[in-house]
Amino acid sequence: MYLSDRDIHWAISKGQLIVDPIAKIDPTSIDLSLDHVREAQIWNIPKFIEMNTILGADEPEVRLGSFKYGEFSGEYLTAPPAYHPKNRTDLVCVRGHEVIVRPGGFLLWQTKEVVGTPTENAQFICFVDGKSTRARTGIIVHLTAPTIHAGWSGKIVLEIANLGPLTFVLKEDDVIAQLTVASISSIPEQTHQQAGSSTVGQRDVTGRAPKAGS
C-alpha cells in the first residue's frame, strides 16, 4: 500500500520515515532535489584507459561480476571540467554554479535530502523515480535500482544521462526526481547492514558512508 501525503507527514513525524531536509510533499510523493554542484561527478575515462594500458589490457574493460563499486569509484570518479565557450567536446562541464549536460553526457549526482527508514523496526520501503516532464526532454534520472530498501538511509546517488537532442543546465536545488513510499507486510528479520549493504548512510556518490565519529 502506497502512502498518501497525510500518511507521509505522519510517518516523518513518528520517525518511521527519514526525509532531511523535508522537501515538497505532493499527494503521493516527495520531491527530491540536487545537492551542491561540487558533488556532481563524472568517470575519469582517460585515467581508466591509462591504467588499463599500463596493465597490458588490449582494451579498457570493467568486469562487473567482480566489480567493487566503492574501490572503483574512489579511483576513477572526478569533478567535471570547467566550461569553455569554444569547447564543445566535453559532454559534462561546470559553468559557475551550474552543470552543463550535452547530448550523450552522463554523470552521478546525489540528492540534497537524506532519505530512508530507521535501521530497526523498519515499516516502509521507498522508490525513486524521475520526473516525467523532465524525461520527455530526453533526460534520464536514476537508471536502475529504484528501491530504497527497508532499514536503509542516506543520500540517493542519481545516475543522470542526456539521451535527448537538447543541452541541459542543472544546478543545486533543482527538483529532478521524486520518492514514493509503501508499507511492507512485516518488519524484516535482519537489518540492511546484516544483509551485507555497504552503502547505508552514504553521503556522496562514491557510495561510502562517513566513518564513525566523523
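Residues numbered from 1 in each chain as written. Predicted model: local features only at pLDDT ≥ 70, side-chain atom pairs only at ≥ 80, totals over all residues. Heavy atoms only, no water.

J.: Can you help me understand the packing of helix α2 (residues 45-54) against helix α3 (residues 69-76) in this one?
T.: At a closest axis distance of 9 Å, the pairing of α2 and α3 adopts a crossing angle of 110°. On the basis of the axis angle, α2 is roughly perpendicular to α3. Counting all contacts with α2, which are made through K47, F48 and M51, the residues of α3 involved are F72, E75 and Y76. (Axes fitted to C-alpha atoms, helices over the stretch in contact; angles between N-to-C directions. Helix = DSSP H or I, 4+ residues; strand = E, 2+ residues; numbered from the N terminus. Parallel < 35°, antiparallel > 145°, perpendicular 65-115°, else oblique. Contact = heavy atoms within 4.5 Å.)

J.: Explain unusual backbone geometry to me, please; I cannot follow it from the model alone.
T.: That bond from D20 to P21 is cis: its omega, 0°, falls within 30 degrees of zero. Look at N121: it is not a glycine, yet its phi comes out positive at around 55°. Along the polypeptide, N121 turns up in the loop between β7 (106-116) and β8 (124-130). Residue D173 is not a glycine yet carries a positive backbone phi of 80°. Within the secondary structure, D173 sits in the loop between β12 (168-171) and β13 (175-183).

J.: Sorry, what's going on with the pairing of β13 here?
T.: Within a regular beta strand, the side chains point alternately toward one face of the sheet and then the other, so they alternate between its two faces. Of all nine residues making up β13, seven are buried, and the element is well covered by its neighbours. Direction of pairing for strand β2 (residues 30-33) relative to β13: antiparallel, over a ladder of four bridges. In the strand pairing of β13, I30 is matched with L179. Relative to β13, β8 is paired through seven bridges, and the arrangement is antiparallel. (Buried < 20%, exposed > 50% of the residue type's maximum accessible area, 1.4 Å probe, protein only. Pairing = 2+ DSSP bridges.)

J.: Just to check I follow, could you spell out the nonpolar core for this structure?
T.: Generally speaking, a soluble globular protein has its nonpolar side chains buried in company with each other. Of all hydrophobic cores here, the largest spans 36 residues; its most connected members are L17, V99, L107, W109, I160, I176 and L179. Sorting elements by how many residues they give to this core places β13 first, with four residues. Residues within four places of V99 in sequence aside, it is in contact with V37, A40, V92, C93, V94, L107, W109, F168, V169 and L170. (Core = buried A, V, L, I, M, F, W, Y, C linked by side-chain atoms within 4.5 Å.)

J.: Could you clarify how one ought to interpret the environment of D26 in this entry?
T.: Mapping D26 onto the fold places it in the loop between β1 (18-20) and β2. Look at D26 and you get buried, because its relative accessible area is 17%. Excluding residues within four positions of it along the chain, D26 makes contact with D5, D31 and K131.

Worth remembering: the numbers are spatial, not functional.
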